[in-house]
Amino acid sequence: MRVADTASDKPPTSPRRGLGRALRLRLAIGWYVARRLGPWLLGVTVYAVLATIVIRWEERRAGQTPADFTAALYGVCAQLFFEFDTLPPTPLARVIYFISPLVGVVLIAEGLLKVGSSLIDPASRVKVLGEIVSSQMHQHIVLCGLGHVGFRVLSELRRLGEDVVCVERDEKAGFVDQVRALGIPVHIGDARRDDLIKAAGVERAKAIVCATNDDLANLEIALDAKRMNPDVRVVMRMFDQRLAGKVGGALELDQSFSTSAVAAPLIAIQATEDGVHAAYRLDDVVRVTAEVTVGTRFAESTVHAFEGAAPCRVVGRRPAGEAAFHPAAAADALRAGDVLMVDTSAVDLPAVRYRLGG
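Fair warning: this is a prediction, and the values are worked out from it, not measured in the lab. (Residues numbered from 1 in each chain as written. Predicted model: local features only at pLDDT ≥ 70, side-chain atom pairs only at ≥ 80, totals over all residues. Heavy atoms only, no water.)

Overview of the environment of Arg297
- Of note, Arg297 is situated in the loop between strand S8 (285-293) and helix H12 (303-309).
- Residues Arg297 and Tyr354 lie 57 residues apart in sequence; the distance between their C-alpha atoms is 9.5 Å.
- Setting aside its immediate chain neighbours within four residues, Arg297 contacts Tyr354, Arg355, Leu356 and Gly357. (Helix = DSSP H or I, 4+ residues; strand = E, 2+ residues; numbered from the N terminus. Contact = heavy atoms within 4.5 Å.)

Let's talk about helix H9 (residues 215-228)
- For H9, which comprises 14 residues, the first-to-last C-alpha distance of 20 Å matches the rise-based estimate of 20 Å (1.5 Å per residue) to within 8%.
- The complete set of buried residues in H9 reads Asp215, Ala217, Asn218, Leu219, Ile221, Ala222, Asp224, Ala225 and Met228.
- Where H9 begins, one side-chain oxygen reaches toward the backbone nitrogen of Leu216, 3.0 Å away; that side chain belongs to Asp214. (Expected span 1.5 Å × (residues − 1). Buried < 20%, exposed > 50% of the residue type's maximum accessible area, 1.4 Å probe, protein only. Polar contact = N/O pair within 3.5 Å; in protein donor to acceptor, adjacent residues only side chain to side chain.)

Observations concerning the side chain of Arg317
- Inspection of the secondary structure puts Arg317 in strand S9 (residues 313-318).
- When its relative accessible area of 18% is taken as the criterion, Arg317 is described as buried.
- Ignoring sequence-local partners within four residues, the contact set of Arg317 consists of Ala324, Phe325, His326, Ala328, Asp332, Ala333, Leu334, Asp338, Val339 and Leu340.

A few points about the packing of aromatic side chains
- Summed over all chains, the structure comprises one aromatic pair.
- With centroids separated by 4.3 Å and ring planes inclined at 10°, the aromatic side chains of Phe151 and Phe175 adopt a geometry described as stacked. Separated by 24 residues along the polypeptide, Phe151 in helix H6 (residues 148-159) and Phe175 in the loop between strand S2 (164-168) and helix H7 (176-181) bring together distant segments of the chain. Accessibility classification places Phe151 together with Phe175 in one group, the buried group. (Phe/Tyr/Trp six-rings, centres within 6.5 Å; stacked < 30°, edge-to-face > 60°.)

Some points on the nonpolar core
- Ranked by internal contacts, the top residues of the largest apolar core, which has 22 residues, are Val142, Cys144, Val167 and Ile208.
- Those elements giving two or more residues to this core turn out to be strand S1 (141-144), S2, helix H8 (194-199), strand S4 (207-210), H9 and strand S5 (233-237).
- Looking at this core, the element that brings in the most residues is H9, giving five residues.
- With 21 residues, the next largest nonpolar core counts Ile269, Val286, Val342 and Ala346 among its residues. (Core = buried A, V, L, I, M, F, W, Y, C linked by side-chain atoms within 4.5 Å.)

Read these as spatial facts, not as claims about activity.
Here you go:
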């Protein structure tokens, strides 16, 4: 599935919601910079004030009239930025003037470099912005694993308009760059680490999807998520469907699934019948969603009459000559050549097609 196909599937965000989210993101970035620079700026301020007090005290002790506090403070700050002025006459004040540029390098340059590098370096910027965006999300979905299954789950969640935060162990995995290009934060690392799924916001999330290719990892992630947020809905992928059923029931997880077990009924029915779009197992019965064509037998009848005569439910109708399906109403008249989308059991599909006369 191409990313271009999925990028436009997400319902448009309302302007008010988009504006509010953008404002919160800008404020969060500002708070991040202030929080990272805060200790360094505080250190510079404390040093400048203390140095000013010592210089003025030294000048008084030497019998000189010190400059007013503001002027002396400005002189110390100038030294921090390598703006040399006339040296003071007292020895201690001169020492402070020589030390101040070194303090400026340590307190200012190092602080700016640490914060600046995290926002200028591409790899660091992606990580920092991902953490900031994740911190602003509430009632979102955490998706662990960006393999083929995870990426397709993500595509469907975007179609539903859900906010998603992803966790992927391998930064070089095929879909990481594509997902980030969509503006979705991706945290790199092992989702079994508490700090990583906390950074993804599992404590504020409404659901977590464990879709890695490791059954034990998915189970551990699910248990950790429930421990951190007992109200979070957990959907867990497991290759062993029998184990999935036992684990889901025993540990009170919300849903567990096996991709092979989900796909098997669809593959089997598609090998024997045309026009099958989906298949699922309900208890021990495989049900399908499939196309059936209206023949002359039910022409001029209605959807309600057909449902009464055949073991199925009509979920959509495509009139002859049209390209798209429409919701079907019970009173809709059927015409020869119309195509119906029906929900029925796999074993009843041939009988449904026979009765419809297509």
